[in-house]
Amino acid sequence: MPAMRPLERLNDFVVKFANVNGSGSASANGLFARSALRMGVPVAARNIFPSNIQGMPTWYEVRVVESGWRGRRGGVDLAVAMNPETWAADVAELESGGYLLYDATRPVNAAKLREDIVPLGIPLTGLCHEMFSDPRQRQLFKNVMYVGALAALLRIEPEVIEKLLGEQYAGERKAPLLDANRAAFRRGYDFATAELPQIGLRMERRDRVGDRIFVDGNSASALGAVYGGATVCAWYPITPSTSLAEAFKRYCSRMRVDPATGRHRYAIVQAEDELASIGMVVGAGWNGARAFTATSGPGISLMQEFIGLAYFAEIPAVLFDVQRGSPSTGMPTKTQQADVLCAAYASHGDTKHVLLFPEDPTECFAMGAQAFDLADRLQTPVFVMLDLDIGMQDWLTAPFAWDEGRALDRGKVMTAEELEAGRDFGRYLDVDGDGVPYRTYPGTHAKRGAYFTRGTSKDRYARYTEDGPAYVDNMQRLLRKFETAKDLVPQPAIEGAAQPTRAGVLWYGSTGAPMAEALAALEARGIHLDRCRVRAFPFADAVADFVAAHDHVFVVEQNRDAQMRALLVNECGIAPEKLVPVLHYDGAPLTARFVEREIAEKAAVFNVVPLKRAAG
């Protein structure tokens, strides 16, 4: 049997922390991720946590990746195993030649290790008992101590982490915590330096982070809502969207308060349930405010009737849907893309809604703002389809573009002056042929421009009628409006492969992070695919054209039933056999290795090979 060769990698490895929820490890694990960024080396971090409060397993995965890939790779090079309950699985996940850092206060049975990994034992509990007397401090500072050991093993400059600790515990009140954290960090660092061997994984200072920022998608969306002119948020707490509403409150308290009077120029309501929250949003939108709610799949299910009212009465509303494991309660703290069909056709009857699919927090900000323009311009609900992987994880992403002179697009709003001049006003009258009628704000004119808002059938002047032709006329106009939306929503990102090919791949949302890396690996194996990232529904004509130009298109998504594929078949008239599903739905963020393996296997079945270039 050949001798085990320890891994040797520079600025390119995966560290996975295995802890217990409620152990206070999150702060220390995040400290490790930020230390890599301060060393100028990009990271991709993922927090994988349970839905209970305390006692269940939790993991935090940090991919140190100088090349800048932003998704999970798959596999672990160094495991920090702090949870005995998950020990076997954590050890099994290690790459051959990988490293296992563990608490060696008590001896570990050799049968629990592997011959092809390098064990790195450090008596963390014993060291903490020597330094601290309080039981809670012993637990908390054990986490900081293993960060110190990692700094020594990976050659992270200790001054970097000590500076981060200084920033985290700045202020006179936090001074005792700073001193204790620094002492615990130094104890772990010194022990590892003196007692543990050098390992083949190491970090060197680089300048690869640039001006990028480290932020989660929920915070980015909330700031995008502020930038987009939102002044009303009505919501009901639900994982994983709660932090979006909370972030909006923080931003509003800084940016929506009149400095002269102290008056708050916003309204945030935690409603009694999801039905009440969307009802408030629709009411605010009818009144001319830019309003939104933040929720997840179960909330969308409960909001269906109000969503249908907003669609049929044509009232602007924005819904941030941070998707999670489903159906029912499902897996509240796991990620999926399983609300696509539910959101696209939300409510009973013939409805179609605008969906935006941001890829990262930068697009969460941009599309978060754009959603309010689209909702006003199209006078309809607009869904921003995040997922937990974008919403609750910190991403290294491009800074947000903020234009102080940006004007809000309020769409077709008839003014008092136009009404006074005798302009014909029919609330559901299509005067431009684009399906979008003019509206008025309540109280625009004392005698003109009023109408009755109803969820029942009506004619072009908002008068109640159950006349068949009038109903059909209205429903056809709504279809024209949806067709108009095709040119207003974000267009697909389409890119050709390095070599001519008759095969393509299509994806959306957070799937883009591992897709970039997987496509590079597939090209290295001679599998060339043209690419289409869908950024919105309704689909631009370019999406159908992309599919039509290929014999087979792999559709990568994170749900069981291939919902994007179904939407493409239904809306674009595409033959189902042309769309090959590549599905991942166990709740964990998608990995590049999974995508590469699945597409490679399917490409072999369909004989995907590059086309010969024409003689030039």
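What counts and how
Residues numbered from 1 in each chain as written. Predicted model: local features only at pLDDT ≥ 70, side-chain atom pairs only at ≥ 80, totals over all residues. Heavy atoms only, no water. Helix = DSSP H or I, 4+ residues; strand = E, 2+ residues; numbered from the N terminus. Expected span 1.5 Å × (residues − 1). Contact = heavy atoms within 4.5 Å. Salt bridge = Lys/Arg side-chain N within 4 Å of Asp/Glu carboxyl O. Buried < 20%, exposed > 50% of the residue type's maximum accessible area, 1.4 Å probe, protein only. 1 Å grid on protein atoms, 1.4 Å probe; cavity = no way out; pocket = protein on both sides within 12 Å on 5 of 7 lines; lining within 4 Å. Points joined across faces, edges and corners; volume = space filled by probe spheres on them. Nonpolar A, V, L, I, M, F, W, Y, C, P; charged D, E, K, R; others polar. Domains from an automatic or database assignment. Core = buried A, V, L, I, M, F, W, Y, C linked by side-chain atoms within 4.5 Å. Polar contact = N/O pair within 3.5 Å; in protein donor to acceptor, adjacent residues only side chain to side chain.

> Give me helix α6 (residues 175-195): which residues, what numbers.
In an α-helix, one full turn covers 3.6 residues, which means residues spaced three or four apart are oriented alike. The terminal C-alpha atoms of α6 lie 30 Å apart, and with 21 residues this matches the ideal 30 Å at 1.5 Å per residue to within 8%. Structurally, α6 contributes buried residues whose contacts are with β7 (118-122), α3 (124-131), α4 (135-154) and α5 (158-168).

> Please give an account of the pattern of salt bridges that cites residues and values.
Summed over all chains, the structure comprises 41 salt bridges. For K16, the salt bridge is made with E93, and the minimal N-O distance between the two is 3.1 Å. Here E93 lies in the loop between α2 (87-92) and β6 (94-103) and K16 lies in strand β2 (residues 12-20), a separation of 77 residues in the sequence. We note a salt bridge from R533 to E359, for which the minimum N-O separation is 3.5 Å. Of this pair, R533 sits in strand β19 (residues 530-534) while E359 sits in the loop between β14 (354-356) and α13 (361-378), and the two are 174 residues apart along the sequence. Owing to a relative accessible area of 9%, R533 belongs among the buried residues under this scheme. For E359, a relative accessible area of 13% puts it in the buried group. Taken together, the shared-partner salt bridges in this structure form one network comprising R290, D373, D376, R406, R410 and R439.

> For the layout of surface pockets, give the residues involved together with the corresponding values.
Its boundaries defined by the atoms lining it, the largest pocket holds a volume of some 340 Å³. What lines the largest pocket is a set of 15 residues, and nearest its centre among them are P84, W87, D103, R106 and V108. Taken together, the residues of the lining of the largest pocket break down into seven nonpolar, four polar and four charged. For the second largest pocket, the calculated volume is near 290 Å³. As for the second largest pocket, its lining consists of 15 residues, and the residues nearest its centre are S326, P327, A338, D339 and Q563. Among the elements that line the lining of the second largest pocket, the one with the most residues is helix α10 (residues 297-302), at three residues. Counted by class, the lining of the second largest pocket contains five nonpolar, seven polar and three charged residues. Mapping the lining of the second largest pocket onto the domain boundaries places at least three of its residues in each of domain 2 (215-397) and domain 4 (493-615).

> Explain the nonpolar core residue by residue, including any values.
In terms of nonpolar packing, the biggest core is built from 84 residues, with F292, F320 and L356 touching the most fellow members. For F320, the residues in contact, after removing those within four places along its chain, are S221, A225, L244, F292, T293, A294, T295, G368, F372, V384 and L386.

> Go over the side chain of K412, please, and point to the residues and values.
Inspection of the secondary structure assignment puts K412 in the loop between β16 (394-397) and α15 (416-420). Looking at K412, its side chain comes within polar contact range of the side chain of D432, at 2.5 Å. Ignoring any residue separated from it by four or fewer positions in sequence, one finds K412 in contact with Q379, D432, D434, V436, P437, Y438 and R439.

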